[in-house]
Amino acid sequence: MEKVTVRDKLWLFASRPHDDDPYFGRTHEGTIVGCDWSRITPAEGAFMLGTPNLMMIISDGIPVPYSKDAKGYLESFCRLKKVLWSCTGSAGFRLGIEEDFICDMKEKYPNLMGGFFDDFSWDPKCTEKRTPQQVKELFANAREKFDKVSKDMEIWATCYVEELESYPVDTFDDVDVLTIWSMHNGSKERYENNFKKYEDAFPNKKKAMGIYMYDYVNRDFIDLDNFKMQCETSLKWLKEGRIDGIIFLTNCTMGIKLETEKWLRNWIDEVGEDIL
């Protein structure tokens, strides 16, 4: 049996370079935060961290499926083990051809192994959130298209704790992996309790923990001790088999002198080859 390491289960949540530049420079309180911009591409971010897997998220509709940019990104991921392409992008952006693009590119790029639904609850075309039935249909349609190409293709989705209050459990029947995110810094107890809610609601479904390297709410550094707690707690769950992956967000917050990025690179070097 092939040995599986911690590194094999690490992912970079990625989008086009410069995507988060508006958040940098100064906080609401006027404090300088690193430099004013990041130029790190998705593939560079994965290389810098040492994560072999990546999910490429469309932001403001870019890169457009089937465009030269989109194909160029897939080509740049040629050395990665696993790649997901977003079916809904940040803020719920969606053209409706994302699954077709993923299926059409699968033969040329075998490491493209499915689709990622980010911010699926939001529909930019209207002022209301997608209903449970609309979300369920999104997942079901993707499942149908992916299964025609390969039964091994997966559907992953971004989930916040409030999603449990808005969507019944069966909404996620066609989702293979729930990725659990917490935007706000909090105590270890709160971090564990938030995860436990998903563990209790979905005992038989794979889960991955999403960890932010940057504090978007306050436009500031994330407390390093809190960041370490999230990484080390998630690693414990990974080794216990309670989660199936850890995701770090994102390449376009890298290169601006974040303490979290520097610590994370060293931490992955230390734990990456541990056998699961």
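Throughout what follows, the structure given in this document is the object of discussion. No experiment lies behind these values; they were computed from the predicted model shown. Throughout this description, residue numbers start from 1 for each chain and increase along the sequence as written. In keeping with the predicted nature of the model, local features appear solely for residues at pLDDT of at least 70, side-chain atom pairs appear and are counted solely at 80 or more, and the whole-chain, interface and lining totals rest on all residues. Values reported for side chains reflect all heavy atoms of the structure, with hydrogen atoms and water molecules removed beforehand.

1. Description of the pairing of strand β12 (residues 245-249)
In terms of burial, β12 is largely enclosed, as 5 of its 5 residues are buried. Where strand β1 (residues 10-14) and β12 come together, 4 bridges link them in parallel fashion. Note that in β12 the partner of L12 across the bridge is F248. A strand pair is defined by DSSP finding two or more bridges across the two strands. To qualify as a helix, a DSSP run of H or I must reach at least 4 residues; to qualify as a strand, a run of E must reach at least 2; elements of each kind are numbered from the N terminus. The pairing of strand β9 (residues 206-212) with β12 spans 5 bridges and is parallel. Within the sheet, the bridge partner assigned to M209 lies in β12 and is I246. Relative accessibility thresholds used throughout: buried, under 20% of the residue-type maximum; exposed, over 50%; partly exposed, between the two (1.4 Å probe, protein chains only).

2. Examining the pattern of salt bridges
Salt bridge, as used here, is a side-chain nitrogen of Lys or Arg placed within 4 Å of a carboxyl oxygen of Asp or Glu. One pass over the structure, following the stated rule, counts 19 salt bridges. Between E99 and R94 there is a salt bridge, with its nearest N and O atoms 3.0 Å apart. Look at R94 and you get buried, because its relative accessible area is 17%. Two residues, E261 and R265, come together in a salt bridge whose shortest N-O distance is 2.6 Å. One end of the pair, E261, and the other, R265, are both in helix α8 (residues 259-271), 4 residues apart, so they sit about a helical turn from each other. Take E261: its relative accessible area is 4%, and that puts it in the buried class. Of the residues examined, R265 reaches a relative accessible area of 29% and is grouped as partly exposed. Salt bridges linked by common partners bring E199, K236, E240 and R242 together as one network.

3. Focus: the sheet that holds β12
Judged by pairing direction, the barrel is parallel, and its 8 strands sit side by side in the order β1-β4-β5-β6-β7-β8-β9-β12 before closing back on the first. Between one strand axis and the next, the sheet turns by 25° as a mean value, whatever way the strands run. As paired strands, strand β7 (residues 154-160) and strand β8 (residues 177-181) are joined by 5 bridges and run parallel to one another. Each bridged residue has a counterpart across the sheet, and for T158 the counterpart in β8 is T179. Contacts are assigned to residue pairs with any non-hydrogen atoms lying within 4.5 Å of each other. Each axis is a line fitted through C-alpha atoms, and for a helix only the stretch in contact is used; angles between axes span 0 to 180 degrees, taken between their N-to-C directions. Contacting β4 (53-56), β5 (82-88) and β6 (112-117), helix α2 (residues 68-76) crosses the sheet at an angle of about 155° to β5.

4. Let's talk about the packing of aromatic side chains
Pairing of aromatic side chains here covers Phe, Tyr and the six-membered ring of Trp, requires ring centres within 6.5 Å, and sorts the geometry by plane angle: under 30 degrees stacked, over 60 edge-to-face, intermediate tilted. Enumeration according to the criterion identifies 20 aromatic pairs in this entry. With a centroid separation of 5.5 Å and 15° between ring planes, the pair formed by W263 and W267 is classed as stacked. Highlighted residues: W263 and W267, both in helix α8, separated by 4 residues, approximately one helical turn. The pair formed by W263 and W267 is uniform in burial state, with each residue classed as buried. Members of the aromatic cluster, each reached through a chain of ring pairs, are F117, F120, F139, Y167, F172, Y198 and F202.

5. Side note on the environment of K205
Relative to the helices and strands, K205 resides in the loop between α6 (188-201) and β9. Taking the C-alpha atoms as reference points, K205 and V177, separated by 28 residues in sequence, lie 6.6 Å from one another. Beyond its immediate sequence surroundings of up to four residues, K205 is in contact with F172, D173, V175, D176 and L178. Any N or O atom pair separated by 3.5 Å or less is treated as a polar contact, with the protein-specific requirement of one donor-capable and one acceptor-capable atom, and with residues adjacent in sequence counted only for side-chain atom pairs. A distance of 3.2 Å separates a polar atom in the side chain of K205 from the backbone oxygen of F172.

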